[in-house]
Amino acid sequence: MAQPASRSALKDYCLRKLGFPVIDINVDDDQLDDRIDDALIRFRDYHYDGTEEIYLAHQVTDGDVSNNYVTVADSIVGVTRVLPINSGSISSQSQQGFNIFDINYQIRLNDFYNLLSSSYTYYVIAREHLAMLDMIVTGELPFTFNKKVSQIKVQMDWAGRIAVGDYLVFQAVRVVDPTTYTKVFNDSWLKEYTTALFKEQWGNNLKKYGNFALPGGMVINGQQIYDEAVTEIKELEEKLRDVYESPPQMLVG
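Residues numbered from 1 in each chain as written. Predicted model: local features only at pLDDT ≥ 70, side-chain atom pairs only at ≥ 80, totals over all residues. Heavy atoms only, no water.

## Brief notes about the pattern of salt bridges
For side chains of opposite charge, pairing can occur when their charged atoms come near one another. Note the following rule: Here, a salt bridge means any side-chain nitrogen of Lys or Arg that lies within 4 Å of a carboxyl oxygen of Asp or Glu. Working definition: helices are DSSP H or I runs of at least four residues, strands are E runs of at least two. Numbering for both runs from the N terminus. Throughout this description, buried means an accessible area under 20% of the type-specific maximum (1.4 Å probe, protein chains only), exposed means over 50%, and partly exposed covers the range between.
One pass over the full model with this rule turns up 10 salt bridges. The partner of Arg7 in a salt bridge is Asp33, and the shortest N-O contact between them spans 3.9 Å. One end of the pair, Arg7, is in helix 1 (residues 7–18); the other, Asp33, is in helix 2 (residues 29–46), and 26 residues separate them in sequence. Residue Asp33 is classed as partly exposed on the basis of its relative accessible area, which comes to 24%. Connected via shared salt-bridge partners are Arg7, Lys11, Asp33 and Asp37.

Structure representation (structure tokens):
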């Protein structure tokens, strides 16, 4: 059983599925590479295995503070949340240090030992109550992000809220790199879709010449190959959206 683990292996697999080397597939290698790129982009944009949710920790630099934004890698295609900045997200070596008057700090300092001998119900309820108050009074840090720009612009007083060397943590969505995680090339939908794109390109090349005659008298109908491929691509794209796409969620990017 063929299990492609690279671009070249996926290309060979799809060509064999179309009949190569028994039948010559009249498509240039550059065209094949373009169709693989198209398939990977579609896989990345809609398949739930095309991206992964991560927590991205970024150490603040002088440039971040002066620019009022954080630059991220091109592989980051969405940001769903900026984790709140409080005494728990500031290191002990930061210029700001720990806030000993923070209520969370005081709860841990004064009440944590009681949990060893009594129920933790009060502690859980108190933390949930504080979290609700924080959401009402402070709220989430507002931000904007566009994957074409690759900049997370957090709307806050950078100089007064955070110091150089501290960390900002983002809940983000990152593309699964197929060159690192080669199982992507063996995805069943990706193999079928890439084959259909190869077939569409093949038919598109041949239909310009009508019925294309092969050595030995065999005639290939380029228009029919193209029409079949278009139908297959449409069905596979509908299957991708209906079966493999993750449910919609709040996403900035």
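Now that the structure is up, let's keep going.
## Focus: helix 1
For the record, the criterion: Multiplying 1.5 Å by the helix residue count minus one yields the expected span of that helix.
In this model helix 1 runs 17 Å from its N-terminal to its C-terminal C-alpha over 12 residues, within 8% of the 16 Å that 1.5 Å per residue would give. For helix 1, every residue scored as buried is listed here: Leu10, Lys11, Tyr13, Cys14, Leu15 and Leu18. Immediately downstream of helix 1, the backbone of Gly19 shows phi near 120°, a positive value.

## Quick word on the confidence of the model for the protein chain
Our working definition: A residue's pLDDT is the predictor's confidence in that residue, given on a scale from 0 to 100. In what follows, residue pairs with any heavy atoms lying within 4.5 Å of each other are defined as contacts.
Confidence along the protein chain averages 85 in pLDDT terms, with 81% of residues attaining 70 or more. Mean pLDDT across the secondary structure elements of the protein chain bottoms out at helix 4 (residues 103–111), with 62, and peaks at helix 2, with 97. With pLDDT under 50 throughout, residues 87–97 is counted as low confidence; its partners more than four residues away or in other chains account for 18 contacts.

## Quick word on the pairing of strand 6 (residues 167–175)
Inclusion rule: Paired strands are those between which DSSP finds at least two bridges.
In terms of strand pairing, strand 1 (residues 51–59) meets strand 6 through nine bridges, oriented antiparallel. Bridge assignment links Ile54 to a residue of strand 6, and that residue is Ala172.

## A word on the sheet that holds strand 3 (residues 76–82)
Threshold: Under this scheme, a helix contributes an axis fitted over its contacting stretch, all axes are lines through C-alpha atoms, and angles between N-to-C directions fall in the 0 to 180 degree range.
Across the sheet, three strands lie side by side as 1-6-3; this open sheet has antiparallel pairing. With partners counted over all chains shown, the strands left at the sheet margins are strand 1 and strand 3, one partner each. Averaged over all pairs of adjacent strands, the angle between their axes in this sheet comes to 35°, without regard to strand direction.

## Quick look at the sheet that holds strand 5 (residues 151–154)
If you trace the three strands from one edge of the open sheet to the other, you get 2-5-4, paired in antiparallel fashion. For this open sheet the edge positions go to strand 2 (70–71) and strand 4 (143–146), each flanked by a neighbour on one side alone.

## Let's talk about the side chain of Lys199
We apply this condition: Two N or O atoms count as a polar contact when they lie within 3.5 Å, although within protein this holds only if one can serve as hydrogen donor and the other as acceptor, and sequence-adjacent residues are included solely when both atoms are side-chain atoms.
When you line up the elements, Lys199 lands in helix 7 (residues 188–206). A polar contact of 3.1 Å, which involves the side chain of Lys199, links it to the side chain of Glu232. Look past the residues within four positions of Lys199 in its chain and what remains in contact with it is Leu18, Ile225, Glu228, Ala229 and Glu232.

## Some details on the packing of aromatic side chains
Heads up, the condition is: In this scheme Phe, Tyr and Trp rings, the latter by its six-membered ring, pair at centre separations within 6.5 Å, and the angle between planes marks the pair as stacked below 30 degrees, edge-to-face above 60, and tilted otherwise. For a ring to carry a charge above it, either NZ of a lysine or CZ of an arginine must fall within 6 Å of the ring centroid while also lying within 35 degrees of the normal to the ring plane.
Counted under the stated rule, the structure contains two aromatic pairs. Between the aromatic rings of Tyr48 and Tyr244, the centroid separation amounts to 6.1 Å while the plane-to-plane angle is 50°, which identifies the pairing as tilted. With a gap of 196 residues between them, Tyr48 in the loop between helix 2 and strand 1 and Tyr244 in helix 8 (residues 222–244) connect regions that are remote in the sequence. The cationic tip of Lys207 hangs over the ring face of Tyr226; the distance from NZ or CZ to the ring centre is 3.7 Å.

## Comments concerning the side chain of Gln201
For Gln201, the position within the fold is in helix 7. Judged by its relative accessible area of 11%, Gln201 falls in the buried class. Here Gln201 is in contact with Val27, Gln31 and Arg35, once residues within four sequence places are set aside.

## A short note on the environment of Tyr193
Mapping Tyr193 onto the fold places it in helix 7. Along the chain, Tyr193 and Glu235 lie 42 residues apart, while their C-alpha atoms are 9.6 Å from each other. If sequence neighbours within four positions are ignored, Tyr193 has contacts with Ala39, Arg42, Ile233, Leu236 and Glu237. A distance of 2.7 Å separates a polar atom in the side chain of Tyr193 from a polar atom in the side chain of Glu237.

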